[in-house]
Amino acid sequence: MSLWLEPLSGFGVGLLVGLTGVGGGSLMTPLLTLLLGYAAPVAVGTDLAFAAITKSFGTVAHRSYGHVKWHIVRRLTLGALPAALVTILFLKRLGGIDDAALHVIKLTIAGSVLLTVLSLLFRAKLLAALRAHPNWQLTGRKQAAATVVVGAVIGVLVTVSSIGAGAVGATLILMLYPQLEPAEVAGTDIAYAVPLTAIAALGHIWLETVHWALLGSLLIGSLPGIWLGAKLTRHLPERIVRGALAATLTLAAVKLVG
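Residues numbered from 1 in each chain as written. Predicted model: local features only at pLDDT ≥ 70, side-chain atom pairs only at ≥ 80, totals over all residues. Heavy atoms only, no water.

1. A short note on the overall build of the chain
- What the chain contains, in helices and strands, is 10 helices and 0 strands.
- Taken from the N to the C terminus, the helices and strands of the chain come in the order α-α-α-α-α-α-α-α-α-α.
- The contacts in the chain between residues at least 6 apart in sequence include a share of 84% that link residues at least 24 apart. (Helix = DSSP H or I, 4+ residues; strand = E, 2+ residues; numbered from the N terminus. Contact = heavy atoms within 4.5 Å.)

What follows is the structure, given as structure tokens:
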């Protein structure tokens, strides 16, 4: 059954990522642990490699439609990459992953999933508040510095749990740059996640937590999925997609904690 589930999971997640920029880690990691039965460290490492390759294709697709804001990508990357490298070195220093560390990883995944759900559910209210109070919006150097800090925080979160670059990142991008269109948020979010997940994936290869056969199966489905999602991003109701994703992620987080 897993022979069909793995590429099917890859296609579904790839489609969601292409549509919204969300779901690469927050959905795939719980799927790998809860549905397919992989250990949490293997799920995190394999998902990071999956995200790096899948989002590379997604970036090419979104770039062709003019959705990527490269100055924002540069700022996020400036914070995310050093943070990811430091986190990898810290994980390596811890040595092997024992039961206690495994429990912490599972809790981190669950917490990251719930943070993703909150960002999905309350994004509209946050944006409405920002638009109602223009003086709250950062500009110039303050906006640039805040973007670098956001990149650093997400860099740590993604390296530990493989989750955060999608919905959490997209929500924070929108809070800092509320003038962006949804397609531009998705394209920018996917583009900056490529170097971040690539660095984190290389770290997990070093930690020997990447399952190569599983990665290949997931990519068979995800690459056409993300390309299709990027093409459809302006035509499907994002609100419905995000609502269904939020409900699925909540169930996954509860299952992980339980």
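2. So, the environment of Val 153
- Structurally, Val 153 is set in helix H6 (residues 140-161).
- The exposure class assigned to Val 153 is exposed, which follows from its relative accessible area of 53%.
- Separated by 11 residues in the primary sequence, Val 153 and Gly 164 place their C-alpha atoms 9.2 Å from one another. (Buried < 20%, exposed > 50% of the residue type's maximum accessible area, 1.4 Å probe, protein only.)

3. A closer look at unusual backbone geometry
- Here Glu 208, not a glycine, exhibits a phi torsion of approximately 65°, which is positive.
- Here Glu 208 is to be found in the loop between helix H8 (182-206) and helix H9 (212-232).
- For Glu 208, a relative accessible area of 72% translates into the label exposed.

4. Observations concerning the pattern of salt bridges
- Evaluation of the coordinates by the stated rule reveals 1 salt bridge.
- For the salt bridge of Lys 69 with Glu 184, the shortest nitrogen-to-oxygen distance reads 3.5 Å. Linking Lys 69 in the loop between helix H3 (40-64) and helix H4 (70-94) with Glu 184 in helix H8, this pair joins segments that are 115 residues apart in sequence. (Salt bridge = Lys/Arg side-chain N within 4 Å of Asp/Glu carboxyl O.)

5. Some thoughts on the nonpolar core
- The biggest cluster of nonpolar side chains holds 44 residues, and the ones touching the most others in it are Leu 32, Phe 50, Ile 154, Tyr 192 and Leu 196.
- Contributions of two or more residues to this core are made by helix H1 (2-20), helix H2 (28-35), H3, H4, H6, helix H7 (167-176), H8 and H9.
- A total of 8 residues in this core trace back to one element, the largest contributor, which is H8.
- Contacts of Leu 32, omitting those with residues within four sequence positions, involve Gly 37, Tyr 38, Ala 43, Asp 47, Leu 214 and Leu 218. (Core = buried A, V, L, I, M, F, W, Y, C linked by side-chain atoms within 4.5 Å.)

6. Here's the deal with a nonpolar patch on the surface
- On the surface, a nonpolar cluster with roughly 510 Å² of combined accessible area is contributed by Leu 115, Leu 118, Leu 121, Phe 122, Leu 126 and Met 175.
- When residues of the nonpolar patch are assigned to their parent elements, the largest contribution, 5 residues, is made by helix H5 (residues 99-132).
- In this structure, Phe 122 sits in helix H5.
- What makes Phe 122 partly exposed here is its relative accessible area of 39%. (Patch = residues over 30% accessible without salt bridge, like charges linked within 9 Å, V, L, I, M, F, W, Y side chains within 5 Å. Areas by Shrake-Rupley, 256 points an atom, 1.4 Å probe, with all protein chains shown as cover.)

7. Regarding the packing of H4 against H6
- Where H4 contacts H6, the axes come no closer than 6 Å and their chain directions differ by 35°. H6 is crossed by H4, and the crossing has right-handed handedness. The segment H4 lies against H6, with Ile 72, Arg 75, Leu 76, Leu 78, Gly 79, Ala 80, Ala 83, Ala 84, Thr 87, Ile 88 and Leu 91 engaging Gln 143, Ala 144, Thr 147, Val 148, Val 150, Gly 151, Ala 152, Gly 155, Val 156, Thr 159 and Val 160.
- Across the contact of H4 with H6, the residue classes break down as 14 nonpolar, 7 polar and 1 charged. (Axes fitted to C-alpha atoms, helices over the stretch in contact; angles between N-to-C directions. Left-handed = near helix turned anticlockwise from the far one by under 90°. Nonpolar A, V, L, I, M, F, W, Y, C, P; charged D, E, K, R; others polar.)

8. Observations concerning H8
- Helix length check: H8, at 25 residues, gives a terminal C-alpha distance of 36 Å against a target of 36 Å (1.5 Å per residue), a fit within 8%.
- Among the 25 residues in H8, 18 count as buried, and that is most of the element.
- Residue Glu 208 follows H8 closely and has a positive phi angle near 65°. (Expected span 1.5 Å × (residues − 1).)

9. Remarks on the environment of Pro 41
- Along the chain, Pro 41 turns up in helix H3.
- A relative accessible area of 12% places Pro 41 in the buried class.
- Between the alpha carbons of Pro 41 and His 204 there is a distance of 8.8 Å; along the sequence they are 163 residues apart.

10. What about H9?
- In this model H9 runs 30 Å from its N-terminal to its C-terminal C-alpha over 21 residues, within 8% of the 30 Å that 1.5 Å per residue would give.
- A maximum bend of about 35° is found in H9 at Leu 219.
- What H9 keeps buried is the set Leu 214, Leu 215, Ser 217, Leu 218, Leu 219, Gly 221, Ser 222, Gly 225, Ile 226, Gly 229 and Ala 230. (Bend = angle between axes of the 7 residues up to and from the residue.)

11. Re the side chain of Thr 77
- Structurally, Thr 77 is set in helix H4.
- A polar atom in the side chain of Thr 77 sits 2.8 Å from the backbone oxygen of Val 73.
- If near-sequence neighbours (up to four positions away) are discounted, Thr 77 is found in contact with Pro 82, Tyr 192 and Pro 195. (Polar contact = N/O pair within 3.5 Å; in protein donor to acceptor, adjacent residues only side chain to side chain.)

So, to be careful, I would describe these as geometric facts and stop short of saying anything about function.
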